[in-house]
Amino acid sequence: QQQVRQSPQSLTVWEGETAILNCSYENSAFDYFPWYQQFPGEGPALLISILSVSDKKEDGRFTIFFNKREKKLSLHIADSQPGDSATYFCAATPYQGGRALIFGTGTTVSVSP
Amino acid sequence: ETAVFQTPNYHVTQVGNEVSFNCKQTLGHDTMYWYKQDSKKLLKIMFSYNNKQLIVNETVPRRFSPQSSDKAHLNLRIKSVEPEDSAVYLCASSSRDWGAETLYFGSGTRLTVL
C-alpha cells in the first residue's frame, strides 16, 4: 500500500521550461513534506520542504504548492536546466511524533538542452 | 561535502553467500537508517538505529541484520543472499529540527546477486 504517490513516473522538458511534479498522500496526519533530489550514482538529498500550515514554499527556481483539502502537492522547477536532470522524491510524515519519512514512488526528470 | 560513507560501492556475489556492507557518519547524529532502493527506484526503509537501539524494523527477511558498534557506525549483514536482494542499499543519518527530520544519505552500495 503506497501512502505517498507521485506522477508522472518520468518527465522530459526542454531547457528553460517549467517542470511540474505531482504528489498525493492518503494519511491526514501527514503535515511535513520534504522533497529529495537524487542524481545517478548518489543518494537522495533534501531539496526543499513545506509544512501543511503553508500553501507555498519557494527556494530559488524550486517552488512547492500545497493543497491540504485535496491532499495534493506539486513541485515546480522553473527555468529548467540540464543539471536538474535527476529523480525527485516527495516524502511525508507527521511533524511531531518521531515517525520515519514515507517516500513516494519518484519522478525522473530529464531536461534537454 | 560527503558525511555519510558507505563501502563497498559495488558488490557481486552468488546466491547463498553472506555479505556485509559498512556505513559511517561523521555528522554526530543519533539516528541512522538502512534503505533498500529497487530497480524501479522505490525507497523502502529496512532498519533504523537510534543511539545503538533498534527502533524500526520493517518486515524484512530474517537473513538481514543490522550491526552497530557505536552511533556513528551502522553496518548491514545479509546472511544468505537471494536474487531478489539485488538492489542499491542506502545508509542515512538523521537530524531533527523541531519535528522536521532531514536524512543525509550515503552514495549507496549496489548489490548484484547472480
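Now for a quick tour of the structure. (Residues numbered from 1 in each chain as written. Chains lettered and ligands numbered in written order. Predicted model: local features only at pLDDT ≥ 70, side-chain atom pairs only at ≥ 80, totals over all residues. Heavy atoms only, no water.)

### Brief notes about the overall build of chain A
- When you go through chain A residue by residue, the secondary structure sums to 0 helices and 11 strands.
- Computed over its C-alpha atoms, the radius of gyration of chain A comes to 13 Å, within 12% of the 13 Å expected for a compact globule of 113 residues.
- In terms of overall dimensions, chain A has a C-alpha envelope of 45 × 30 × 20 Å along the principal axes.
- Evaluated residue by residue, chain A yields a buried proportion of 45% over its 113 residues.
- Restricting the contact set of chain A to residue pairs at least 6 apart, pairs at least 24 apart contribute 55%.
- Per element, the accessible surface of chain A, about 5400 Å² overall, is 47% carbon and sulfur.
- The average position of the 9 basic charges and that of the 11 acidic charges among the side chains of chain A differ by 11 Å. (Helix = DSSP H or I, 4+ residues; strand = E, 2+ residues; numbered from the N terminus. Rg over C-alpha atoms; globule rule 2.2 N^0.38 Å. Buried < 20%, exposed > 50% of the residue type's maximum accessible area, 1.4 Å probe, protein only. Contact = heavy atoms within 4.5 Å. Areas by Shrake-Rupley, 256 points an atom, 1.4 Å probe, with all protein chains shown as cover. Lys, Arg positive; Asp, Glu negative; His and termini not counted. Charge placed at Lys NZ, Arg CZ, Asp CG, Glu CD.)

### Remarks on the nonpolar core
Residues and elements named next belong to chain A.
- In this structure, Leu21, Phe33, Trp35, Leu73, Leu75 and Tyr88 are the most contacted members of the largest nonpolar core, which totals 25 residues.
- Put simply, the parts of the chain that give this core at least two residues each are strand 2 (10–14), strand 3 (19–25), strand 4 (32–38), strand 5 (45–51), strand 7 (62–67), strand 8 (72–77), strand 9 (86–92) and strand 11 (107–112).
- Residues in contact with Leu73, not counting those within four places in the same chain, are Leu21, Asn22, Cys23, Tyr25, Phe33, Trp35, Ile64, Phe65, Phe66 and Cys90. (Core = buried A, V, L, I, M, F, W, Y, C linked by side-chain atoms within 4.5 Å.)

### Notes on the interface of chain A and chain B
- Facing 19 residues of chain A, the contacting portion of chain B comprises 20 residues.
- Contact between chain A and chain B buries roughly 1600 Å² in total, counting both sides, with carbon and sulfur atoms accounting for 56%.
- The three residues of chain A that bury the most area against chain B are Pro44(A), Tyr95(A) and Phe103(A), which together make up 28% of that side's buried surface.
- For the pair chain A and chain B, the interface holds 0 salt bridges.
- The tally of links between chain A and chain B comes to 5 residue pairs in polar contact (both at pLDDT 80 or more).
- Among the elements of the structure, strand 4 and strand 9 of chain A are those that each provide at least two residues to the side of chain A that touches chain B.
- Split into classes, the residues belonging to the side of chain A that touches chain B amount to 9 nonpolar, 8 polar and 2 charged. (Buried area = accessible area lost by both parts, 1.4 Å probe. Salt bridge = Lys/Arg side-chain N within 4 Å of Asp/Glu carboxyl O. Polar contact = N/O pair within 3.5 Å; in protein donor to acceptor, adjacent residues only side chain to side chain. Nonpolar A, V, L, I, M, F, W, Y, C, P; charged D, E, K, R; others polar.)

### Some points on the sheet that holds strand 6 (residues 56–59) of chain A
Residues and elements named next belong to chain A.
- Taken together, 5 strands build an open sheet; the order of strands is 1-3-8-7-6 and the sheet is antiparallel. A strand with exactly one partner marks an edge of an open sheet, and here the two such strands are strand 1 (4–7) and strand 6. Within the sheet, the average angular offset between the axes of one strand and its neighbour, ignoring direction, is 15 degrees.
- Relative to strand 7, strand 6 runs antiparallel, the two being bridged by 4 bridges. From the neighbouring strand, Lys56 faces strand 7, where its bridge partner is Phe65. (Pairing = 2+ DSSP bridges. Axes fitted to C-alpha atoms, helices over the stretch in contact; angles between N-to-C directions.)

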